[in-house]
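The lines below spell out each chain.
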Amino acid sequence: MPELPEVETIRRQLAPHVTGRTISRAEILDPRWTRPGSPAATEASLRSATVERLDRAGKYLIWVLDGERYLLMHLRMTGTLLFDPPAPPTHTRVLLDLDDGHRLVYVDPRRFGTGHLLHGAAARDEYLNARIGIEPLTPEFTPEHLRAQGRGRAAPVKAFVLDQKRIAGVGNIYADEALFRAGIHPLRPAGRLIRADWARLRDGIEAKGASIDDFRHIDGARGSFQDRFLVHRRAGLPCPRCGTTIRKIVVGGRGTYVCERCQPKPRSRSRPRAASGAGAVAARRA
Ligand SMILES: [Zn+2]
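Okay, so let's go over this structure. Because the structure is predicted, anything quoted here is derived from the model rather than measured.

1. Quick notes on the overall build of the chain
Reasoning step 1: Looking only at helices and strands, one finds nine helices and ten strands in the chain.
Reasoning step 2: In the chain, buried positions account for 53% of the 286 residues.
Reasoning step 3: Pairs at least 24 residues apart make up 66% of the contacts formed inside the chain by residues separated by at least 6 positions.
Reasoning step 4: Carbon and sulfur atoms make up 49% of the accessible area of the chain, which amounts to about 12600 Å² in all.

2. Topic: the sheet that holds strand β8 (residues 114-119)
Reasoning step 1: In spatial order, the strands read β2-β3-β4-β8; together these four strands make up an open sheet with antiparallel pairing. Looking along the sheet, the strands with just one partner apiece sit at the ends: β2 (51-57) and β8. Pairwise comparison of adjacent strand axes, ignoring direction, gives a mean angle of 20° for this sheet.
Reasoning step 2: Strand contacts of helix α2 (residues 39-46): β3 (60-65), β4 (69-74) and β8, with the helix running at about 65° to β8, the strand carrying the most contacts.

3. Let's talk about the coordination of the zinc ion
Reasoning step 1: Coordination of the zinc ion by the protein comes from Cys239 (SG), Cys242 (SG), Cys259 (SG) and Cys262 (SG), over a distance range of 2.2 to 2.4 Å.
Reasoning step 2: Coordination at the zinc ion is tetrahedral: its four donor atoms span angles of 101 to 114° at the metal.
Reasoning step 3: The sequence motif formed by the donor residues of the zinc ion is C-x2-C-x16-C-x2-C.
Reasoning step 4: Residue Cys239 is classed as buried on the basis of its relative accessible area, which comes to 4%.
Reasoning step 5: A relative accessible area of 29% places Cys242 in the partly exposed class.

4. Structural notes on the nonpolar core
Reasoning step 1: Counting residues in each nonpolar core, the largest one holds 27 residues, and the members touching the most others are Leu14, Trp63 and Leu65.
Reasoning step 2: If you list the elements that add at least two residues to this core, you get α1 (4-18), β1 (23-28), β2, β3, β4, β5 (80-83), β6 (92-98) and β7 (103-107).
Reasoning step 3: Of all the elements, α1 adds the most residues to this core, at five residues.
Reasoning step 4: Formed by 21 residues, the second largest nonpolar core is a distinct cluster that contains Val157, Ala175, Leu193 and Trp198.

5. Notes on helix α6 (residues 172-182)
Reasoning step 1: With ten of eleven residues buried, α6 is to be regarded as a mostly interior element.
Reasoning step 2: Positioned one or two residues after α6, Gly183 has a phi angle of 70°, which is positive.

6. Topic: the environment of Ile246
Reasoning step 1: Following the sequence through the fold, Ile246 ends up in the loop between α7 (195-210) and β9 (247-251).
Reasoning step 2: Residues Ile246 and Gly236, ten residues apart in the sequence, show an inter-C-alpha distance of 5.4 Å.
Reasoning step 3: Excluding its chain neighbours within four sequence positions, the residues that come into contact with Ile246 are Leu230, Val231, Arg234, Ala235, Gly236, Leu237, Pro238, Cys239, Pro240, Tyr257 and Val258.

7. Concerning the pattern of salt bridges
Opposite charge on two side chains lets them pair, provided their charged atoms get close.
Reasoning step 1: The tally for this structure, following the rule as stated, stands at 22 salt bridges.
Reasoning step 2: Salt-bridge contacts for Arg25 lead to Asp97; the nearest nitrogen and oxygen are separated by 3.1 Å. With Arg25 in strand β1 and Asp97 in strand β6, this residue pair connects regions lying 72 residues apart in the sequence.
Reasoning step 3: What makes Arg25 partly exposed here is its relative accessible area of 35%.
Reasoning step 4: Given the relative accessible area of 14%, Asp97 is considered buried.
Reasoning step 5: Across the pair Arg200 and Asp197 runs a salt bridge whose closest N-O atoms are separated by 2.9 Å.

8. Quick word on the side chain of Ser45
Reasoning step 1: Tracing the backbone shows Ser45 in helix α2.
Reasoning step 2: Setting aside residues no more than four positions away along its own chain, Ser45 makes contact with Arg69, Leu117 and His119.

9. A word on the pairing of β7
Moving residue by residue along a regular strand, the side chains alternate between the two faces of the sheet.
Reasoning step 1: The element β7 is extensively covered by neighbouring structure, given that four of its five residues are classed as buried.
Reasoning step 2: Note: β5 against β7, four bridges, orientation antiparallel. Residue Thr80 lies in a different strand from β7, and its bridge partner there is Val107.
Reasoning step 3: Judged from the five bridges that link them, β6 and β7 form a sheet pairing that is antiparallel. Along β7, the bridge assignment pairs Leu96 with Leu104.
Reasoning step 4: Following β6, the chain reverses through four residues before pairing antiparallel with β7; Gly101 in that reversal takes a positive phi of roughly 95°.

Cut-offs applied
- Residues numbered from 1 in each chain as written.
- Predicted model: local features only at pLDDT ≥ 70, side-chain atom pairs only at ≥ 80, totals over all residues.
- Heavy atoms only, no water.
- Helix = DSSP H or I, 4+ residues; strand = E, 2+ residues; numbered from the N terminus.
- Buried < 20%, exposed > 50% of the residue type's maximum accessible area, 1.4 Å probe, protein only.
- Contact = heavy atoms within 4.5 Å.
- Areas by Shrake-Rupley, 256 points an atom, 1.4 Å probe, with all protein chains shown as cover.
- Pairing = 2+ DSSP bridges.
- Axes fitted to C-alpha atoms, helices over the stretch in contact; angles between N-to-C directions.
- Donors = N, O, S within 2.8 Å, 3.2 Å for Na, K, Ca; no water.
- Tetrahedral: all angles 85-135°; square planar, octahedral: opposite > 155°, others 65-115°.
- Core = buried A, V, L, I, M, F, W, Y, C linked by side-chain atoms within 4.5 Å.
- Salt bridge = Lys/Arg side-chain N within 4 Å of Asp/Glu carboxyl O.

What follows is the structure, encoded as structure tokens:
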């Protein structure tokens with residue numbers, strides 16, 4: 001699943017190709033993509049729209065169109081944007097033709113991705129505020145903000161980090177890597193972290209965000225991102241920092257990778273509560 005760094009990579013790669021271009025034709029092959037919006041109305045609105053710029057908020061790719069219109073795309077589990085593929089691949093959901101003859105294709109085998117067209121900045125902000133919390137890599141993303149958000153929360157810190165309404169854009173891989181960098185066990189209750197923990201966690205999230213790289217090029221080639229995980233999907237392998245064997249555990253229903261030497265386990269009395277509750281539900285949804 002694309003996470004914030006991958007969506008940012010897509011944005012950076014795509015922006016030079018689409019900024020200033022006009023969409024000459026839009027074809028939405030899957031009505032589910034715009035639901036509850038109408039595909040026909042979205043197609044009509046996109047036709048002859050000029051792309052002023054591409055933005056991102058959390059995992060949302062935001063097409064800023066003329067006339068204060070915004071197309072908010074979320075790739076969910078399996079969505080991919082391809083620029084000029086030789087032929088429309090299977091599972092093509094959306095085609096966008098540009099006035100310079102190039103074509104953008106949205107492919108999504110599992111069809112969870114969405115494209116919502118909104119009119120006006122207020123509608124855009126309302127949409128995003130209802131769905132995502134603070135954005136990493138911004139000045140507001142401070143240890144103090146995180147600590148205030150986590151205060152009193154019994155849910156495991158990993159569930160907290162995965163909750164899109166608290167921190168935008170962090171998914172399962174990103175969370176494991178950030179918690180490892182911070183030396184924080186994923187099962188520690190968020191409310192028990194001290195300020196220094198939040199500072200390291202913030203730094204861990206920012207370090208991962210800063211490693212934005214070529215996860216998936218818009219020509220469809222997969223980058224080397226997956227080869228450079230520190231703990232994620234490395235169960236049974238030595239921790240890159242201390243050599244202890246990395247373990248796989250389950251937190252809030254999500255496979256979670258941890259070095260229990262670098263990330264000391266919380267005291268056992270906190271674990272039964274930590275395994276359930278609102279945070280765990282949020283983690284499954286994220
Ligand atoms: Zn270690």
